[in-house]
Amino acid sequence: MKKGIFLMFLLVGFMTGTMAQTTKEVHGAVIDKNGNPLPGAKVEATGGAESTVTDADGTFTLEVSRWLKSVTATYPGMAKKKLSLKNGNELLFNLHEDNRHWFVDAVYQHDVNFENNSFGVMGGLLNTWGWYAKVLFDVSGVEPDYYYYGDERTADIPSISFGFIKSLSKPLYLYFGLGYTQCYKKRSYRVSMEDGLIADLGLLYNYKHFNVNCGFSYRRPFKHFFENGAENDGHGLHIGIGYSF
């Protein structure tokens, strides 16, 4: 009987020691960019189930696996932040305002050279550095100079461009990018299409959930890309309006 009790205590002691060796406590605080504490911020083991919230003074204590490599802190309106545990178990999270916004705009473009119109959509991510994608469908077509043969000609494939967005000073952003388009070549009796490059440059203004963009597009056929002159080039002005979230 005594031997059984001894073995039971030995087993309990072994399990307790094992648990103590496989977990550790992480201490720290969560503050904003001005050094003010953020009470109620969520602090959690990155990729794990352990989590806690900060006290009124922004501090926290979190028990995690001894092999955990990083801890993540989140707070409403702030960008989440992940810190590594390789330098110790004392962490200070300095959170900054989350400036990321997804946006979607309806876009209209007028080609100055050939007076055709396009409609499409532009969307992407607004941030200090973000990105966008734009798709435009030609709807009005281009007429030949003289109507010897038939109809207006519209692009067979929509213009597709991708690029970067750079925050200038909130809420104003600069965007620029490149993509594929079809360029019009206007003859006396017909309009032909040639594959080409489109380049975008413009400004986007974002206020709360409302945004508007206005820019300039330039396009040139690939086969004439390194030639002088602009007889085959296209120049378009586009404007868009939409929603960010």
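Our structure is the block above this text.
Residues numbered from 1 in each chain as written. Predicted model: local features only at pLDDT ≥ 70, side-chain atom pairs only at ≥ 80, totals over all residues. Heavy atoms only, no water.

1. Considering the overall build of the protein
Selection criterion: Only DSSP runs of H or I with at least four residues qualify as helices, and only runs of E with at least two residues qualify as strands; both kinds are numbered from the N terminus onward. Between buried and exposed lies partly exposed: a residue is buried under 20% and exposed over 50% of the maximum accessible area for its type, with that area taken using a 1.4 Å probe on protein chains only. Should any heavy atoms of two residues lie within 4.5 Å, those residues are considered in contact. To measure how exposed things are, a 1.4 Å probe is used in the Shrake-Rupley method; for residues, cover is taken only from the protein chains shown.
A tally of regular secondary structure across the protein gives one helix and 15 strands. Taken across its 245 residues, the protein has 37% of its residues classed as buried. Taking as baseline every contact in the protein between residues at least 6 positions apart, the subset at least 24 positions apart corresponds to 53%. Of the roughly 14600 Å² that the protein leaves accessible, carbon and sulfur atoms contribute 62%.

2. Some details on the sheet that holds strand β6 (residues 81-84)
What counts, and what does not: Between any two strands, at least two bridges found by DSSP are needed for them to pair. In this analysis an axis means a line fitted to C-alpha atoms, helices contributing only their contacting stretch, and an angle means the value between N-to-C directions, from 0 to 180 degrees.
A sheet is described by the order of its strands in space; here four strands give the open sequence β3-β2-β5-β6, paired in antiparallel fashion. What marks the edges here is a single partner per strand, and that holds for β3 (51-53) and β6. On average, each strand axis in the sheet is tilted by 20° relative to the strand beside it, whichever way the strands run. Bridge count between strand β2 (residues 42-45) and β3: three bridges; the pairing is antiparallel. Within the sheet, the bridge partner assigned to Lys 42 lies in β3 and is Val 53.

3. Examining the environment of Val 135
Structurally, Val 135 is set in strand β10 (residues 129-138). Classification of Val 135 as partly exposed rests on a relative accessible area of 24%. Note: C-alpha distance between Val 135 and Ile 160 (25 residues apart in sequence) is 4.7 Å. Once residues lying within four places of it in the same chain are set aside, the contact partners of Val 135 are Phe 119, Gly 120, Val 121, Pro 158, Ser 159 and Ile 160.

4. Observations concerning a nonpolar patch on the surface
We count it as follows: Any residue with relative accessible area above 30% and no salt bridge may belong to a patch, with like charges joined within 9 Å and the nonpolar Val, Leu, Ile, Met, Phe, Trp and Tyr side chains within 5 Å. Any carboxyl oxygen of Asp or Glu that lies within 4 Å of a side-chain nitrogen of Lys or Arg is treated as forming a salt bridge with it.
On the surface, a nonpolar cluster with roughly 610 Å² of combined accessible area is contributed by Trp 102, Val 104, Val 121, Trp 131, Tyr 243 and Phe 245. Here Phe 245 is to be found in the segment after β15 (234-244).

5. Quick look at the pattern of salt bridges
In the structure shown here, the tally under the stated rule is five salt bridges. The partner of Asp 98 in a salt bridge is Arg 100, with the nearest N and O atoms 3.1 Å apart. Judged by its relative accessible area of 22%, Asp 98 falls in the partly exposed class. Judged by its relative accessible area of 44%, Arg 100 is partly exposed. A salt bridge links Asp 200 to Lys 134; its shortest N-O distance comes to 3.1 Å. Highlighted residues: Asp 200 in strand β13 (residues 191-207) and Lys 134 in strand β10, separated in sequence by 66 residues. Neither Asp 200 nor Lys 134 differs from the other in exposure class; each is buried.

6. What about the packing of aromatic side chains?
Selection criterion: Only Phe, Tyr and Trp rings are paired, with Trp represented by its six-membered ring, and only when their centres lie within 6.5 Å; those with planes under 30 degrees apart are stacked, over 60 edge-to-face, the remainder tilted.
Taken as a whole, this structure holds six aromatic pairs when the rule is applied. Between the aromatic rings of Phe 164 and Phe 176, the centroid separation amounts to 6.2 Å while the plane-to-plane angle is 40°, which identifies the pairing as tilted. Taken together, the residues Phe 164 in strand β11 (residues 159-169) and Phe 176 in strand β12 (residues 172-186) connect sequence positions 12 residues apart. When its relative accessible area of 31% is taken as the criterion, Phe 176 is described as partly exposed. Considering the side-chain rings of Tyr 243 and Phe 245, the 6.2 Å spacing of their centres and the 20° angle between planes classify their relative orientation as stacked.

7. Things to note about the environment of Leu 203
As for its position among the elements, Leu 203 is in strand β13. Separated by 36 residues in sequence, Leu 203 and Ile 239 have C-alpha atoms that sit 9.7 Å apart.

8. Considerations on the pairing of β12
Put simply, side chains in a regular strand alternate between the two faces of the sheet. Bridge analysis of β11 against β12 gives nine bridges, and the strand direction is antiparallel. By the bridge assignment for β12, Ile 160 is matched with Tyr 180. Counting the residues in the hairpin turn of β11 and β12 gives two residues. Looking at chain direction, β12 and β13 are connected through 15 bridges and run antiparallel. Within β13, the residue paired with Gln 182 across the bridge is Asp 195.

9. Thoughts on unusual backbone geometry
Positive phi values are uncommon outside glycine, yet Lys 208 reaches one of about 55°. The exposed category is assigned to Lys 208, whose relative accessible area is 60%.

10. Examining the side chain of Gln 182
For the record, the criterion: For this analysis, a polar contact is any N or O atom pair within 3.5 Å, provided that within protein one partner can donate a hydrogen and the other can accept it, and provided that sequence-adjacent residues contribute only side-chain to side-chain pairs.
Checked against the element boundaries, Gln 182 lands in strand β12. Only 2.7 Å separates the side chain of Gln 182 from the backbone nitrogen of Asp 156, close enough to count as a polar contact. A distance of 3.2 Å separates a polar atom in the side chain of Gln 182 from the backbone nitrogen of Ile 157. Excluding residues that lie within four positions of it along the chain, Gln 182 makes contacts with Ala 155, Asp 156, Ile 157, Met 193, Glu 194, Asp 195 and Arg 219.

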